[in-house]
Amino acid sequence: MLIVSPVIRYLSKHRQKKSFPKKKVLILEGGGMRGVFLTGVLQAFTDREYFPFTLIIGSSAGALTGVAYSAHQIHLARDAFFGVLLNESFIKISNILRPTKHILNLDWMVSTVIDGKETLNFQYLKHSIPVLITATEYSDNNPPSTAYLHSRKDDIITSLKASAAIPVLYRGFVEYNNRKLCDGGLLDPIPYKKALSLGYKEEDILVVVTRKKGYRKKEESFWIRYLIENYFKDSKYRYLIQALENRYLMYNSILDELEHKHKKIDIIYPPDDFNVDRLTRDQKKILEGFEQGVQSAKNFLLS
């Protein structure tokens, strides 16, 4: 039997790590249940001890998975997609006609994932890769703006709730430090521009998206616009309504610039047969989406 010495094993492992792409910033798009793709990617990174980043920036599900990855507890996010997020306590479509009831019970979900049987290692996070968590700040009669909450400075549970609080699906706003916050994906769904504004070079950045290559958003349907306008009836919400209804234009512009203007930024896309949507609850599709994330990460690391 061939015996491999500890020295040879160490050198082999060390050479393998050096061959991986050198990146400094990880950008993670949100997307509800599509975040299972991110979890697969980060599971593969974790399994290969690929932690080269000095900063992670994530929105919604991207923030949740990014925090779990930074804490070296990606299994918390993985197990959530196969358990908590499929629970009827999380998604309640029947509440769509009940204006005081959440359709997405984020308070229950985040608390269960982060502070459940195994709690998030908050102490480790203080010294691990910092995570910027995107949120949208609302104030009456003013255009909404993007807020970036910090994993080392801000309350993580509240920050994650705010980033995932999709207007209408989550009733009202998440209040934090006298600020009203909601969905981080509304204004900055793929926050690579934040990394550029902080001085990072294009070649330093890796973006993981949750839509197939070539995807572009379409204008919201009449019924979605009706739900938005009916829920936010007061004129003080007019700028928020405008942002929600024009979101598809903003999103497509961000993707156009990413793909055509910033060509040195690496992007990991789901494959063409990725079949998970924001509210998917089919266990088979969720498992396939996770495995596709794992394989896409492997392909990237070998590129």
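Relevant structure appears above.
As the structure is a computational prediction, the values presented were derived from the model and not from experiment.

How do you make sense of the pairing of strand β4 (residues 145–150) when you look at a structure like this?
Every other side chain in a regular strand lies on the same face of the sheet, so the side chains alternate between the two faces. Of the pairings in the sheet, the one linking strand β3 (residues 131–138) to β4 comprises six bridges and is antiparallel in character. Each residue of the ladder has a partner; that of Thr 134, found in β4, is Tyr 148. Counting the residues between successive antiparallel strands, the hairpin from β3 to β4 contains six residues, one of them, Asn 141, with a positive phi of roughly 60°.

What is the right way to look at a negative patch on the surface in this model?
On the surface, Asp 272, Asp 273, Asp 282, Glu 288 and Glu 291 cluster together into a patch of negative charge. Looking at where Glu 291 falls in the secondary structure, it is placed in helix α12 (residues 283–301). Residue class for Glu 291 comes out partly exposed when judged on its relative accessible area of 45%.

Would you take a moment to explain the packing of helix α4 (residues 74–82) against α12 for this structure?
Between two packed helices, the angle of one axis relative to the other and the distance separating the axes together describe the packing. Where α4 meets α12, the axes come as close as 10 Å, and the angle between the chain directions of the two elements is 150°. Taken together, α4 and α12 sit at an angle that is classed as roughly antiparallel. The residues of α12 that touch α4, namely those facing Arg 78, Phe 81 and Phe 82, are Ile 286, Leu 287 and Phe 290. A breakdown of the residues in the contact of α4 with α12 according to their chemical character gives five nonpolar, no polar and one charged.

Explain the environment of Tyr 269 to me, please; I cannot follow it from the model alone.
Following the sequence through the fold, Tyr 269 ends up in the loop between β8 (266–268) and α12. Sequence-distant contacts of Tyr 269, that is, excluding residues within four places in its chain, are made with Phe 37, Val 209, Arg 211, Lys 212, Lys 213, Glu 259 and Ser 296. A distance of 2.9 Å separates the side chain of Tyr 269 from the side chain of Glu 259, its partner in a polar contact.

When you look at the environment of Thr 46 in this model, what are you seeing that I'm missing?
Take Thr 46: it is sitting in helix α2 (residues 35–47). Expressed as a C-alpha distance, the spacing of Thr 46 and His 72, which sit 26 residues apart in the sequence, is 7.3 Å. If we ignore the near neighbours within four places in the chain, the residues touching Thr 46 are Phe 51, Tyr 69 and Ile 74.

How do you make sense of the packing of aromatic side chains when you look at a structure like this?
Aromatic ring pairs are reported here in terms of the distance separating the ring centres and the angle at which the planes meet. Enumeration over the complete set of coordinates arrives at 19 aromatic pairs. Judged by centre distance (5.7 Å) and plane angle (75°), the rings of Phe 82 and Phe 290 are edge-to-face. Separated by 208 residues along the polypeptide, Phe 82 in helix α4 and Phe 290 in helix α12 bring together distant segments of the chain. Both rings, one in Phe 222 and one in Trp 223, keep their centres 5.1 Å apart while their planes meet at 75°; by these two values the pair is edge-to-face. The exposed category is assigned to Trp 223, whose relative accessible area is 60%. These aromatic residues form a ring-pair network of at least three members: Phe 20, Phe 45, Tyr 50, Phe 51, Phe 53, Tyr 69 and Phe 300. Here the basic side chain of Lys 194 rests over the ring of Tyr 148, its NZ or CZ set 4.4 Å away from the ring centre.

Is there a simple way to think about the pattern of salt bridges in this case?
Pairing between side chains of opposite charge can happen when their charged atoms approach one another. Taken as a whole and judged by the stated rule, the model has nine salt bridges. Its salt-bridge partner being Asp 266, residue Lys 23 comes within 2.7 Å of it at the nearest N-O pair. Of the two residues, Lys 23 is situated in the loop between α1 (6–18) and β1 (25–28) and Asp 266 in strand β8; the sequence distance between them amounts to 243 residues. The exposure class of Lys 23 is buried, given its relative accessible area of 6%.

The rules we used
- Residues numbered from 1 in each chain as written.
- Predicted model: local features only at pLDDT ≥ 70, side-chain atom pairs only at ≥ 80, totals over all residues.
- Heavy atoms only, no water.
- Pairing = 2+ DSSP bridges.
- Helix = DSSP H or I, 4+ residues; strand = E, 2+ residues; numbered from the N terminus.
- Patch = residues over 30% accessible without salt bridge, like charges linked within 9 Å, V, L, I, M, F, W, Y side chains within 5 Å.
- Areas by Shrake-Rupley, 256 points an atom, 1.4 Å probe, with all protein chains shown as cover.
- Salt bridge = Lys/Arg side-chain N within 4 Å of Asp/Glu carboxyl O.
- Lys, Arg positive; Asp, Glu negative; His and termini not counted.
- Charge placed at Lys NZ, Arg CZ, Asp CG, Glu CD.
- Buried < 20%, exposed > 50% of the residue type's maximum accessible area, 1.4 Å probe, protein only.
- Axes fitted to C-alpha atoms, helices over the stretch in contact; angles between N-to-C directions.
- Parallel < 35°, antiparallel > 145°, perpendicular 65-115°, else oblique.
- Contact = heavy atoms within 4.5 Å.
- Nonpolar A, V, L, I, M, F, W, Y, C, P; charged D, E, K, R; others polar.
- Polar contact = N/O pair within 3.5 Å; in protein donor to acceptor, adjacent residues only side chain to side chain.
- Phe/Tyr/Trp six-rings, centres within 6.5 Å; stacked < 30°, edge-to-face > 60°.
- Lys NZ or Arg CZ within 6 Å of the ring centre and 35° of its normal.

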